[in-house]
Amino acid sequence: MSPINRPRTGTRDRGVDRPGTRTPLPLLAPALVAALFLLLPLAGLLIRAPWAQLPELLSEPEALEALKLSLISATAATGLSLLFGVPLAFALARSRRPGISLLRALVTLPLVLPPVVGGLALLLALGRRGIVGGYLYEWFGFSLPYTVWAVIIAETFVAMPFLVVSVEGALRTADRGLEEAAATLGSKPFATFRRVTLPLIAPSLIAGSVLAWARALGEFGATITFAGSFPGTTQTMPIHIYLKLQNDPDAAIALSLVLLLVSVAALGLLRERWMNTGTGL
Amino acid sequence: MRRHTLTATAVLAAAALSLTACGGSSDSDDTSSSSSSSSGLSGEITVFAAASLTESFTALGTSFEAENPGTTVTFSFAASSALAEQINSGAPADVFASAATKNMDQVVDAGNASDPVTFANNTMEIAVPADNPAKVDSLDDLTDKDTKVVLCAEDVPCGVSARAVFDNAGITVTPVSNEVDVKSTLSKITLGEADAGVVYVTDVKAAGDKVTGVEIPDDVNASTAYPIATLKGSENAELAKAFEDYVLSDTGATQLESAGFAKP
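Throughout what follows, the structure given in this document is the object of discussion. (Residues numbered from 1 in each chain as written. Chains lettered and ligands numbered in written order. Predicted model: local features only at pLDDT ≥ 70, side-chain atom pairs only at ≥ 80, totals over all residues. Heavy atoms only, no water.)

### A short note on the overall build of chain B
Move 1: A tally of regular secondary structure across chain B gives nine helices and nine strands.
Move 2: Across the 264 residues that make up chain B, the buried fraction comes to 47%.
Move 3: In chain B, the share of contacts with a sequence separation of at least 24, taken over all contacts with a separation of at least 6, comes to 78%.
Move 4: Surface exposure of chain B reaches about 11900 Å², of which carbon and sulfur atoms provide 53%. (Helix = DSSP H or I, 4+ residues; strand = E, 2+ residues; numbered from the N terminus. Buried < 20%, exposed > 50% of the residue type's maximum accessible area, 1.4 Å probe, protein only. Contact = heavy atoms within 4.5 Å. Areas by Shrake-Rupley, 256 points an atom, 1.4 Å probe, with all protein chains shown as cover.)

### A short note on the interface of chain B and chain A
Move 1: The partner chain A presents 22 residues to the 28 residues of chain B that form the contact.
Move 2: In total, chain B and chain A occlude about 2100 Å² of area from one another, counting both sides; carbon and sulfur atoms represent 50% of this.
Move 3: On the chain B side of the contact with chain A, B:Asp155, B:Val180 and B:Glu193 bury the most area, a combined 28% of that side's loss.
Move 4: The interface formed by chain B and chain A includes two salt bridges.
Move 5: A salt bridge links B:Asp131 to A:Arg129, with the nearest nitrogen and oxygen atoms 3.2 Å apart.
Move 6: Connecting chain B to chain A are 10 residue pairs in polar contact (both at pLDDT 80 or more).
Move 7: Elements that contribute at least two residues to the side of chain B that touches chain A include exactly helix H3 (80-88), helix H4 (101-109) and strand S6 (177-179) of chain B.
Move 8: Class assignment for the residues of the side of chain B that touches chain A results in 12 nonpolar, six polar and 10 charged. (Buried area = accessible area lost by both parts, 1.4 Å probe. Salt bridge = Lys/Arg side-chain N within 4 Å of Asp/Glu carboxyl O. Polar contact = N/O pair within 3.5 Å; in protein donor to acceptor, adjacent residues only side chain to side chain. Nonpolar A, V, L, I, M, F, W, Y, C, P; charged D, E, K, R; others polar.)

### Considerations on the environment of A:Ala89
Move 1: In this fold, A:Ala89 is placed in helix H3 (residues 61-94).
Move 2: When near neighbours in sequence (up to four residues on either side) are disregarded, A:Ala89 contacts A:Val164, A:Val167, A:Glu168 and A:Leu171.

### Digging into the nonpolar core
Move 1: B:Phe57, B:Phe119, B:Ile126 and B:Leu142 are the most contacted members of the largest nonpolar core, which has 64 residues in total.
Move 2: In this structure, B:Ile126 is in contact with B:Val136, B:Ser138, B:Leu139, B:Leu142, B:Ala196, B:Gly197, B:Val198, B:Thr212, B:Gly213, B:Val214 and B:Ile216, ignoring residues within four places of it in sequence.
Move 3: Ranked by size, the runner-up nonpolar core spans 38 residues in total, among them A:Ala66, A:Val167, A:Leu171 and A:Met237. (Core = buried A, V, L, I, M, F, W, Y, C linked by side-chain atoms within 4.5 Å.)

### Thoughts on the pairing of strand S7 (residues 196-200) of chain B
Residue and element names in this part refer to chain B.
Move 1: S7 sits mainly inside the fold: five of its five residues count as buried.
Move 2: Two strands pair when backbone bridges link them, and strand S4 (residues 117-129) and S7 are joined in this way by four bridges, in the antiparallel orientation. Residue alanine 127 lies in a different strand from S7, and its bridge partner there is glycine 197.
Move 3: In this sheet, S7 lies alongside strand S5 (residues 149-152) in parallel orientation, the contact comprising two bridges. Counterpart to valine 149 in the pairing with S7 is alanine 196. (Pairing = 2+ DSSP bridges.)

### A word on a nonpolar patch on the surface
Residue and element names in this part refer to chain A.
Move 1: Among the surface-exposed residues, Leu102, Leu106, Leu109, Leu111 and Val112 lie close enough to one another that they form a single nonpolar patch of about 470 Å² accessible area.
Move 2: Along the chain, leucine 111 falls in the loop between helix H4 (100-107) and helix H5 (115-126).
Move 3: Judged by relative accessible area, which is 31%, leucine 111 ranks as partly exposed. (Patch = residues over 30% accessible without salt bridge, like charges linked within 9 Å, V, L, I, M, F, W, Y side chains within 5 Å.)

### Some points on the packing of aromatic side chains
Move 1: Taken as a whole and judged by the stated rule, the model has 14 aromatic pairs over all chains.
Move 2: Ring geometry for A:Tyr135 and A:Trp139: centres 5.3 Å apart, planes at 40°, overall tilted. Residue A:Tyr135 and its partner A:Trp139 are located together in helix H6 (residues 133-140), separated by four residues, close to a single helical turn.
Move 3: Residue class for A:Tyr135 comes out partly exposed when judged on its relative accessible area of 44%.
Move 4: You can call A:Trp139 exposed: its relative accessible area is 61%.
Move 5: Here B:Tyr226 and B:Phe261 contribute two aromatic rings whose centre-to-centre distance is 5.2 Å and whose plane-to-plane angle is 80°, an arrangement assigned as edge-to-face. On the criterion of sequence distance, the pair formed by B:Tyr226 in strand S9 (residues 223-230) and B:Phe261 in the segment after helix H9 (250-258) is long-range, its members being 35 residues apart. Each member of the pair, B:Tyr226 as well as B:Phe261, is classed as buried.
Move 6: Here the aromatic cluster, defined as three or more aromatic residues joined through ring pairs, consists of B:Phe57, B:Phe64, B:Phe75, B:Phe77, B:Phe119, B:Tyr200, B:Tyr226, B:Phe243, B:Tyr246 and B:Phe261. (Phe/Tyr/Trp six-rings, centres within 6.5 Å; stacked < 30°, edge-to-face > 60°.)

### Digging into the state of the cysteines
Residues and elements named next belong to chain B.
Move 1: Per the counting criterion, the structure on display carries one disulfide over all chains.
Move 2: What pairs with cysteine 152 in a disulfide is cysteine 158, and their sulfur atoms sit 1.9 Å apart. Its S-S torsion of approximately -100° makes the covalent link between cysteine 152 and cysteine 158 left-handed.
Move 3: Under the relative-accessibility criterion, cysteine 152 is labelled buried at 0%. (Disulfide = S-S within 2.5 Å.)

### Some thoughts on the pattern of salt bridges
Here the idea is simple: oppositely charged side chains can pair when their charged atoms come close.
All names here are of chain A.
Move 1: A complete count under the given rule lists 14 salt bridges over all chains for this structure.
Move 2: Residue arginine 176 pairs with glutamate 179 through a salt bridge whose shortest N-O separation is 3.4 Å. With a gap of three residues between them, arginine 176 and glutamate 179 both fall in helix H8 (residues 176-184), about one helical turn apart.
Move 3: Classification of glutamate 179 by relative accessible area gives buried; the value is 9%.
Move 4: Bridged by salt links that share partners, the residues Arg94, Arg176 and Glu179 form one connected network.

Encoded structure:
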């Protein structure tokens, strides 16, 4: 099913500028500066990379462990974001209750919050002496910090708003007519959500998931504050890179390259969808 | 009531008197340095200092500025290893105070400083939350699996020293987390999210009553030397050198000693 719910201005003929769509000359120079500015640091990384030692640096067990942990926890964080974030986005987009816009502002706060602040907040809420974590520890003898769960929670906290924002945006602009039609044909609300609404917003759902995943993969501040850093359990790739930088900058550069490569691949995958849908971001 | 007030007044008066007495002795310092400030010290410098120097150097900076009106000393505190890396990448710093000779050597080897001078020594201590939930009272207690120990990462000086202590004592400690510097290690203990950590004696002292220190026996303890140097890239080398001299002076030594540092 191909939902045509808006004028398809996003459609473009690749490689050809249609008349009237060419970038105006006054915009060209600053656009070039912006592109250079964003690409320069990446160039620095590429030029300074110790290519000869790369295979050796990357095959270190600690680096592989960190990468593995990062990939697993980012994927888990994305899964949790989907499971809980999509319903939240639905509630935010469709609810008419008072206070809903305040709620929207609050739940998207992690987008702008310094990650360290997020990590500290998590520690004070879910840590061993936290307002909720304290009971968890008292009743079950279980404390979250320093576990892989803490990594996943920290990453979910930071990444979920990205998904919520993109899905909510899509839900707001989605054609309600199709949902109403389904309802008049006797579809129950959850069935409508599953069989009409979700396919309708699928592109944004994918775009939001990839964004959330990439954000979780790069998460540093909240993770180290809430989960700490221990090789194999909580030391994710960004933390491993930061610690490597203290002693072995070459290794840090090499590992940064890997993280960069993975992120570029993820965003590249996203690009197709992004071009055609407008995710609200 | 009245009697209480009287006692309080008496105590206050005594305190004021003793303060004046202290002030009297530092007065001579003031006059000597005001002559040095008239000799042209002014401007700003940035001092890169190890995280464990946070409290003592902040205090030293304040008194240095007071003695040399017209000067501003800005600090950047972090793990010495991170600071050394920043300096070698061209960070605009004027003075570097490191918690390990190794990190100072990196800066010297890169040609960014010369002739570092050791100004203090520090030893390690076990820090536990004020209520000591895991009842840690010796090094051996750190080997207990149920005790959540946090350490500095092996890549930063306090992590190297902590591991030297374990080697000396012949014990194996598995931390739950390797933190990026000594202050973040300590904060996990202050917050009660860790049962114990091995940090510098001075950090335990600086944390006040939020943590309790458990001494490490001298024969297994590890110490680290703190070298200081004016950096080649300094744009205000005169002021930078003056601050370095101030840290090395008797006034500096006294302040560092009161923070728990040992004389080199």
